[in-house]
Amino acid sequence: MSEDAAVSEQEIRAGVRALCERFSDEYWRDVDRRSAYPREFVEALTAAGWLGALIPERYGGAGLAISQAAVILEEIQRAGANAAACHAQMYIMGTLLRHGSEEQKQQWLPEIASGRVRLQAFGVTEPDAGLDTTRIRTRARRQGDHYVISGQKIWTSRALYSDLMLLLARTSEPEESRGRWHGLSTFIVDLRQVPEEQLRIVPIETMMNHNTTEVFIDGLLVPAQNRVGEEGMGFRYILDGMNAERILIAAECVGDGRWFIERAVAHARERVVFGRPIGSNQGVAFPIAWAHARIEAADLMRRRAASLYDSGHSAAAEANMAKLLAADASWQAANVCLDTYGGAGFAREYDIERKFRETRLYQVAPVSTNMVLAFLAQNVLGLPRSY
Ligand SMILES: Cc1cc2nc3c(=O)[nH]c(=O)nc-3n(C[C@H](O)[C@H](O)[C@H](O)COP(=O)(O)OP(=O)(O)OC[C@H]3O[C@@H](n4cnc5c(N)ncnc54)[C@H](O)[C@@H]3O)c2cc1C
């Protein structure tokens, strides 16, 4: 990849597409069948510099903007691949970049950019708190120059394939004057140095291959110097990263949608039933056309959100709408593609059912559709708060 920050969208697309062509549908089918981690793919992306896209050049990254990083993820999904194996590195790193000390950045960012260290795991969600993150119970107590952390995380994806985990834990009880968000702190946990009795990672079997886990933490010792930013401000730091995350996920959904539409169009042209291509039936063609229109509309919103974000303006409303519209549009495109394929859509060999399972996630995680709607209702339209 060129290190020129002015690298064009076409160059990014061409570069990512060429890399993805080395990983066939059969590769992804096999990884999915074995619930394995696509290590070779992630290594190739890292070696080409794509996963360090958002890391500034002074720390060894490509110094690209969100709008450009979004194109990388979109193109991965559009190729039928699955960026879920590695996308989090792009947005988790943002917490370190925005709130870490210069020393922490010097220590970790060049290592992450070069691929020598993987920062793929993000431990926020807990079984008893769900979406209400301020209720998490994982506790970090300061003891001298360490924190001692105990608690449990759930849905910590890629923890078994990451060297570092960004962990959110409560360091103090919330103060009435500041609200429940206060008192949470973020830590970099070096998973390579942790004894098993302090931290245990247990895979969760899921409907798609996502390498997600439960993490049991018992007396985990984390050096105080690994706390990112100020004590008690961690929830704010996580929120800061959410707009970038929503834009990147929206771009992935646009990529998924385009993959479904391309497959549906090709199949509708080729498959002959009743003596003519099924695509000549409006009952087949029109849903594909609808799906295309919805994906293009979502793409416009994602571009608007990315451009606001990159120019330093508030992008919260647009980033949320982009994620909402794109996740919805990709799911509709998935259903249209499955319908177009008929029975064949259910056979593993065509990959439709795999991508169908994979794209469904984005209506629930990293944030559910209801939470996005609640944000728009409350923060954009001024309706009464529901929680
Ligand atoms: C495959 C996968 C990977 C994930 N990876 C990660 C990860 O790497 N790191 C991490 O920290 N988390 C991760 N998550 C967690 C994910 O972010 C949460 O699952 C998601 O935020 C929803 O939380 P929950 O499952 O606890 O749902 P709950 O909070 O139990 O909510 C259940 C349902 O109720 C709805 N709901 C709840 N409250 C309200 C309300 N007030 N108004 C309207 N609707 C409401 C929600 O929208 C949801 O549909 C992952 C999840 C999955 C499934």
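Residues numbered from 1 in each chain as written. Predicted model: local features only at pLDDT ≥ 70, side-chain atom pairs only at ≥ 80, totals over all residues.

K.L.:
Break down the nonpolar core for me, with residues and values.
P.N.:
Within the largest apolar cluster, 112 residues are counted, with the highest numbers of intra-cluster contacts made by Ala-69, Ile-247, Leu-248 and Ala-322. The residues touching Ile-247, leaving out its near neighbours within four places in the chain, are Ile-66, Ala-70, Arg-302, Ala-305, Ala-306, Tyr-309, Ala-319 and Ala-322. (Core = buried A, V, L, I, M, F, W, Y, C linked by C-beta atoms within 7 Å. Buried ≥ 20, exposed ≤ 12 C-beta atoms within 10 Å, placed from the backbone. Contact = placed C-beta atoms within 7 Å.)

K.L.:
Explain the site of the ligand residue by residue, including any values.
P.N.:
As a structural note, the neighbourhood of the ligand is formed by 23 residues, with Val-124, Gly-130, Trp-155, Ser-368 and Asn-370 the closest of them. Only strand 1 (119-123) and helix 12 (369-380) provide two or more residues apiece to the shell around the ligand. For the shell around the ligand, the element with the most residues is helix 12, which contributes three residues. Mapping the shell around the ligand onto the domain boundaries places at least three of its residues in each of domain 2 (121-230) and domain 3 (241-380). (Near = placed C-beta within 6 Å. Helix = DSSP H or I, 4+ residues; strand = E, 2+ residues; numbered from the N terminus. Domains from an automatic or database assignment.)

K.L.:
Please provide a residue-by-residue account of helix 3 (residues 39-47), values included.
P.N.:
Of the residues making up helix 3, those classed as buried are Phe-41, Val-42 and Leu-45. Seen along its axis, helix 3 keeps its buried residues to an arc of 95°; they face one direction. Along helix 3, exposed side chains directed more than 90 degrees from the buried face belong to Arg-39 and Glu-40. Next to the buried residues of helix 3 lie helix 1 (9-21). Within two residues after helix 3, Gly-49 carries a phi angle of roughly 90°, on the positive side. (Arc of directions from axis to C-beta.)

K.L.:
So, the packing of helix 5 (residues 88-99) against helix 8 (residues 242-270): which residues are in play, and what are the values?
P.N.:
Axis separation between helix 5 and helix 8 bottoms out at 10 Å; the angle between their running directions is 165°. Looking at the two axes, helix 5 sits roughly antiparallel to helix 8. Note that helix 5 runs across helix 8; the crossing there is right-handed. Packed against helix 5, whose contacting residues are Met-90, Tyr-91 and Gly-94, the element helix 8 presents Ala-244, Glu-245 and Leu-248 at the interface. Of the residues in the contact of helix 5 with helix 8, the class split is four nonpolar, one polar and one charged. (Axes fitted to C-alpha atoms, helices over the stretch in contact; angles between N-to-C directions. Parallel < 35°, antiparallel > 145°, perpendicular 65-115°, else oblique. Left-handed = near helix turned anticlockwise from the far one by under 90°. Nonpolar A, V, L, I, M, F, W, Y, C, P; charged D, E, K, R; others polar.)

K.L.:
Which residues make up unusual backbone geometry, and what are the values?
P.N.:
The omega torsion across Ala-365 and Pro-366 is 0°, close enough to zero to call that bond cis. Mapped onto the fold, Pro-366 is located in the loop between helix 11 (352-360) and helix 12. Notably, Phe-274 is not glycine yet its phi reads approximately 55°, a positive angle. Topologically, Phe-274 is positioned in the loop between strand 9 (272-273) and strand 10 (276-277). Residue classification places Phe-274 among the exposed positions, given that 8 C-beta atoms sit within 10 Å. Here the phi dihedral of Asp-351 falls at roughly 70°; this positive angle occurs in a residue that is not glycine. Its place among the elements puts Asp-351 in the loop between helix 10 (316-341) and helix 11.

K.L.:
An account of helix 2 (residues 25-33) is requested, with residue identities and associated values reported.
P.N.:
Every buried residue of helix 2 is listed here: Trp-28, Val-31 and Asp-32. One side of helix 2 holds all its buried residues, which, seen down the axis, span an arc of 100°. Exposed residues pointing more than 90 degrees away from the buried face of helix 2 are listed as Glu-26, Asp-30 and Arg-33. Buried positions along helix 2 lie against helix 11. Count one or two residues on from helix 2 and you reach Ser-35, which has phi positive near 50°.

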